[in-house]
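# Results of the structural survey
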Amino acid sequence: MRLLNLIKIAYKAIILNKMRTLLTMLGIIIGVASVIAMLAIGEGSKESIRSTISSMGSNMITIRPGADDRGPARGSGGNVQTLTLEDYNVIKEKVDLLSNSTPVVNSNGQVINGSNNWPSSIYGVYPEYLDIKVVGLQSGSMFTDAEVNTASKVALIGQTVVDNVFPNGEEPVGQMIRFNNIPFKVIGVLEEKGENTFGQDQDDIVIAPFTTVQKRILAIDYLNQIMASAVSEDDAPEAVEIITEILREQHKLQDFEDDDFTVRSMEELISTFSSTSEMLTVLLVAVAGISLLIGGIGIMNIMYVSVKERTKEIGLRMAVGGKGSDILMQFLIEAILISITGGVLGVALGLGATVFIENFLNWPTSVAMYSIIISFAVCAITGIFFGWYPARKASALDPITALRYE
Amino acid sequence: MAKETIKIENLKRQFTMGSETVHALKGISFTIEEGEFVTIMGSSGSGKSTMLNILGCLDQPTSGNYEIDGVKVKNLSKNELATIRNEKIGFIFQSYNLLARTSAIENVELPLLYNSKVTSEERRKRAINALEMVGLGDRLFHTPSQLSGGQQQRVAIARSLVNNPVMILADEATGNLDTRTSYEIMTLFQELNKKGITITFVTHEPDIATFSGRTIVLKDGEIMQDYKNHKVQSAADQLAKLPLENHLS
Ligand SMILES: Nc1ncnc2c1ncn2[C@@H]1O[C@H](COP(=O)(O)OP(=O)(O)OP(=O)(O)O)[C@@H](O)[C@H]1O
Ligand SMILES: [Mg+2]
């Protein structure tokens with residue numbers, strides 16, 4: 001009853017100063033909206049990185065020649081020739097924590113079908129490749145170990161290659177294409193995977209038996225890469241360690257020498273990217289948080305002015321029986337009403353901004369419930385915190401002193 | 001003997017401003033019994049408002065005793081004082097002290113907002129009642145800026161009545177009004193007094209004092225005179241005798 005009266009009084013005071021209240025609220029509105037939008041952007045990019053990486057096989061382990069000195073999104077290893085099939089065989093034999101593994105050689109070149117011509121990349125691998133990368137087939141079938149052994153000229157192609165060299169919609173399986181002038185029989189089409197986080201088209205690819213690519217196209221005796229998958233995601237870090245040990249031994253590296261290869265698990269990649277985007281999120285949220293703080297100071301400022309301006313009113317309220325606690329509550333409620341209304345509008349604006357960002361800028365976003373709860377809580381706390389001091393000051397006034405205030 | 005509504009003994013109030021001390025009240029004693037109508041007179045600066053503020057529990061004396069309805073004010077907490085102001089006292093200020101941009105009815109409701117025993121319907125009813133008593137039944141929703149000085153004064157009076165106080169303390173409630181309006185308001189006060197409300201009325205004007213049963217004259221913070229008025233005038237009669245032209249001004 002009494003609280004209801006106080007809420008009414010506070011509400012009246014706000015209504016009497018609509019414009020001023022709105023301007024005060026604006027700080028809170030912008031603060032809350034930016035916290036929510038920033039968190040949504042941060043969460044969204046984190047989620048999209050995580051999902052693209054795990055769609056690439058979250059327990060995948062890659063081994064590349066050369067030392068790790070080029071950051072996470074490195075190329076294919078270039079000309080470094082430290083990785084051999086011998087290495088692959090030892091790893092396959094000795095590391096029980098791996099369920100699948102394949103050597104990889106790759107090359108860029110032209111895919112040709114009649115007059116249709118498309119620049120793409122060919123990967124020479126073992127049949128396990130599909131399981132490691134978690135790719136299925138749209139049609140046709142994978143080549144067999146026997147076809148690897150005989151270096152058969154068969155290939156599987158990705159959707160982008162299909163679109164470009166079979167533009168008229170013919171069924172590619174069974175057709176002949178040429179890669180760098182070597183004829184291949186298409187035996188399958190890979191499932192579509194779209195772009196990965198780094199903007200690479202994962203469907204612009206030709207897969208062929210390892211031996212075929214190594215001998216017939218590249219004519220090299222080293223590997224560009226070894227791909228493997230750990231028995232489980234949790235086993236990946238240990239597998240990485242074991243592989244590192246084996247390869248150091250294989251390469252007869254002394255203790256003081258650095259690795260001449262790089263072993264990476266996807267988990268590592270995920271955490272590298274997550275931490276980058278997390279840092280970005282923290283930064284964004286910090287900026288947004290500062291604007292929320294400034295909004296709070298705005299409330300404090302306005303409440304302070306309000307108390308000064310209404311000192312006579314406070315005196316009168318006390319003279320007709322208002323207690324110190326009533327005055328305190330009145331101003332506190334006023335501050336909280338301002339901040340909570342600002343919070344509600346801020347949440348609405350933040351969600352609106354998120355929808356806009358998602359649809360018009362095409363950035364991945366994800367509104368986390370906790371971000372709404374947090375910014376709302378921060379709002380209410382801001383109201384209480386910044387309203388408290390001026391309200392406290394008002395309630396401590398002496399009725400007659402307040403009434404005489406000019 | 002009747003109940004003592006107000007009893008003060010050797011009341012002193014001094015204000016310290018830097019090195020200077022102003023002795024506004026220099027030891028005042030008197031009692032006001034229930035149902036009395038007392039006017040306080042005195043020249044400007046004689047300490048009338050200072051005394052009335054103390055009687056209204058808005059200010060504390062520097063020394064001396066004050067009992068209201070037998071309760072020693074000195075021993076009361078801030079909150080208890082607020083409750084006394086809320087339930088027992090109707091205070092009318094020298095400058096009306098209405099809430100700006102707030103309707104007459106809401107101004108009058110104000111004291112009841114701080115009384116949780118009064119429901120919102122009752123609050124409204126009592127506010128309308130009080131405004132009707134002061135003749136503003138047709139100005140309920142006017143804000144102070146839409147009312148004349150006399151009407152604002154009457155809103156302030158209605159506000160002091162709304163909590164059914166045992167006593168009304170008025171600080172120059174007619175100070176800014178013309179003779180006719182003053183007499184109208186005095187008529188109202190006499191009616192209230194007849195209903196048993198104790199009234200303490202500060203004024204400058206000797207003719208206003210003739211409407212009260214007792215007058216206390218202050219000078220430089222001391223009581224000069226304290227006398228009973230045996231021929232109390234009826235404000236209603238005086239009002240009837242006023243020449244009509246006065247009404248037009
Ligand atoms: N808060 C204060 N601080 C300092 N001096 C004060 C204060 N209040 C009153 N005084 C002084 O006390 C004396 C009495 O003032 P008070 O207001 O009681 O006079 P008054 O009789 O009501 O005068 P008036 O008829 O003009 O209203 C004056 O000299 C005044 O200056
Ligand atoms: Mg005065």
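Residues numbered from 1 in each chain as written. Chains lettered and ligands numbered in written order. Predicted model: local features only at pLDDT ≥ 70, side-chain atom pairs only at ≥ 80, totals over all residues. Heavy atoms only, no water.

### What to know about a nonpolar patch on the surface
Put simply, the rule reads: Patch construction takes residues with relative accessible area above 30% that form no salt bridge. Like charges are linked within 9 Å, and nonpolar side chains (Val, Leu, Ile, Met, Phe, Trp, Tyr) are linked within 5 Å. Accessible surface area values rest on a Shrake-Rupley calculation with a 1.4 Å probe, where residue burial reflects the displayed protein chains alone. Salt bridges are counted wherever a side-chain nitrogen of Lys or Arg sits within 4 Å of a carboxyl oxygen of Asp or Glu. Strands here are runs of E lasting at least two residues and helices are runs of H or I lasting at least four, both read from the DSSP assignment and numbered beginning at the N terminus.
A contiguous nonpolar patch, built from Met19, Leu22, Leu23, Leu26 and Ile30 of chain A and spanning about 480 Å² of accessible area, is present on the exposed surface. Mapped onto the elements of the fold, Leu22 of chain A is located in helix α2 (residues 18–55).

### Brief notes about the sheet that holds strand β5 (residues 71–72) of chain B
Residue and element names in this part refer to chain B. Basically, it comes down to this: A strand pair is defined by DSSP finding two or more bridges across the two strands.
Taken in spatial order, the four strands line up as β2-β1-β4-β5 in an open sheet, and their pairing is antiparallel. Strands with a single pairing partner mark the edges of an open sheet, and in this sheet they are β2 (20–33) and β5. Pairing of strand β4 (residues 63–68) with β5 involves two bridges; the strand directions are antiparallel. Note that in β5 the partner of Ile68 across the bridge is Val71.

### Points about the confidence of the model for chain A
Residue and element names in this part refer to chain A. The following threshold applies: pLDDT expresses how confident the predictor is about each individual residue, on a scale running from 0 to 100. The contact criterion used is simple: two residues touch if any of their non-hydrogen atoms lie within 4.5 Å.
In this model, chain A carries an average pLDDT of 86, and 95% of its residues clear a pLDDT of 70 or more. The element-level mean pLDDT for chain A is lowest in helix α9 (residues 266–309), coming to 80, with strand β5 (residues 154–157) highest at 95. Overall, residues 71–77 carries pLDDT values under 50, and its contacts beyond four positions in sequence, including any with other chains, amount to 17 contacts.

### Remarks on the UniProt feature "domain: ABC3 transporter permease C-terminal" (unreviewed entry) in chain A
Note the threshold: UniProt positions are given in the numbering used here, feature names are shortened, and annotations may be inferred rather than shown by experiment.
UniProt annotation of "domain: ABC3 transporter permease C-terminal" (unreviewed entry) refers to residues 286–398 of chain A when read in the numbering used here. The span residues 286–398 of chain A is 87% helical and 0% strand by assignment, and the distance between its end C-alpha atoms comes to 42 Å.

### Focus on the side chain of Ser182 of chain B
Relative to the assigned elements, Ser182 of chain B resides in helix α6 (residues 179–194). With near-sequence residues (within four places) excluded, Ser182 of chain B lies in contact with Thr174, Leu177 and Ile208 of chain B.

### Brief notes about a negative patch on the surface
Residue and element names in this part refer to chain A. Put simply, the rule reads: Asp and Glu are treated as the negative residues and Lys and Arg as the positive ones, with His and the ends of the chain left uncounted. Taken as the charge location is NZ of Lys, CZ of Arg, CG of Asp or CD of Glu. A simple rule labels every residue: compare its accessible area, found with a 1.4 Å probe on the protein chains alone, to the largest value its type can have, and call it buried under 20%, exposed over 50%, or partly exposed in between.
On the surface, a cluster of negative charge is made up of Asp163, Glu192, Glu195 and Asp201. Within the fold, Asp201 resides in the loop between β7 (182–190) and β8 (206–209). Looking at Asp201, the relative accessible area reads 34%, which means it is partly exposed.

### A look at the packing of α9 of chain A against helix α12 (residues 369–395) of chain A
Residues and elements named next belong to chain A. Here is the rule we go by: The convention used is that axes are lines fitted to C-alpha atoms, helices contributing only their stretch in contact, and that angles between N-to-C directions extend from 0 to 180 degrees. Here the word oblique covers every angle except those under 35 degrees (roughly parallel), over 145 (roughly antiparallel) and from 65 to 115 (roughly perpendicular). Note: crossing handedness is left-handed where the near helix turns anticlockwise from the far helix by less than a right angle, and right-handed where it turns clockwise. Under the scheme applied here, ten amino acids are nonpolar (Ala, Val, Leu, Ile, Met, Phe, Trp, Tyr, Cys and Pro), four are charged (Asp, Glu, Lys and Arg), and all others, including Gly, are polar.
Packing of α9 against α12 brings their axes to within 9 Å, and their N-to-C directions diverge by 25°. In terms of orientation, α9 and α12 fall into the roughly parallel class. Pair α9 / α12 crosses with right-handed handedness. Contacts from Leu292, Leu293, Gly296, Ile297, Met300, Met303, Tyr304 and Val307 of α9 reach α12 at Val378, Thr382, Phe386, Gly387, Tyr389, Pro390, Lys393 and Ala394. Taken together, the residues that form the contact of α9 with α12 break down as twelve nonpolar, three polar and one charged.

### Some points on the pattern of salt bridges
A complete count under the given rule lists 17 salt bridges over all chains for this structure. With a shortest N-O distance of 3.1 Å, Arg310 of chain A and Glu313 of chain A are connected by a salt bridge. On the basis of relative accessible area, Arg310 of chain A is assigned to the buried category, the value being 9%. Put simply, Asp138 of chain B and Arg139 of chain B hold a salt bridge, and the shortest N to O gap is 3.2 Å. Asp138 of chain B gets classed as exposed once you look at its relative accessible area, which sits at 55%.

### Brief notes about helix α10 (residues 311–319) of chain A
All names here are of chain A. In terms of burial, α10 is a largely internal element, eight of the nine residues being buried. Within α10, burial applies to Thr311, Glu313, Ile314, Gly315, Leu316, Arg317, Met318 and Ala319. Within two residues after α10, Gly321 carries a phi angle of roughly 115°, on the positive side.

### A few points about the interface of chain A and chain B
Rule in force here: Summed over both partners, the accessible area (1.4 Å probe) lost when two parts come together is defined as the buried area. We call two N or O atoms a polar contact when they sit within 3.5 Å, provided that within protein one can donate a hydrogen and the other can accept it, with sequence-adjacent residues counted only if both atoms are side-chain atoms.
The interface of chain A with chain B comprises 27 residues on the first partner and 25 residues on the second. In terms of surface lost to chain B, no three residues of chain A exceed Leu316, Val320 and Ile400 of chain A, which account for 23% of the buried area on that side. The partner of Lys12 of chain A in a salt bridge is Glu106 of chain B, and the shortest N-O contact between them spans 3.1 Å. Our count for the contact surface shared by chain A and chain B stands at eight residue pairs in polar contact (both at pLDDT 80 or more).

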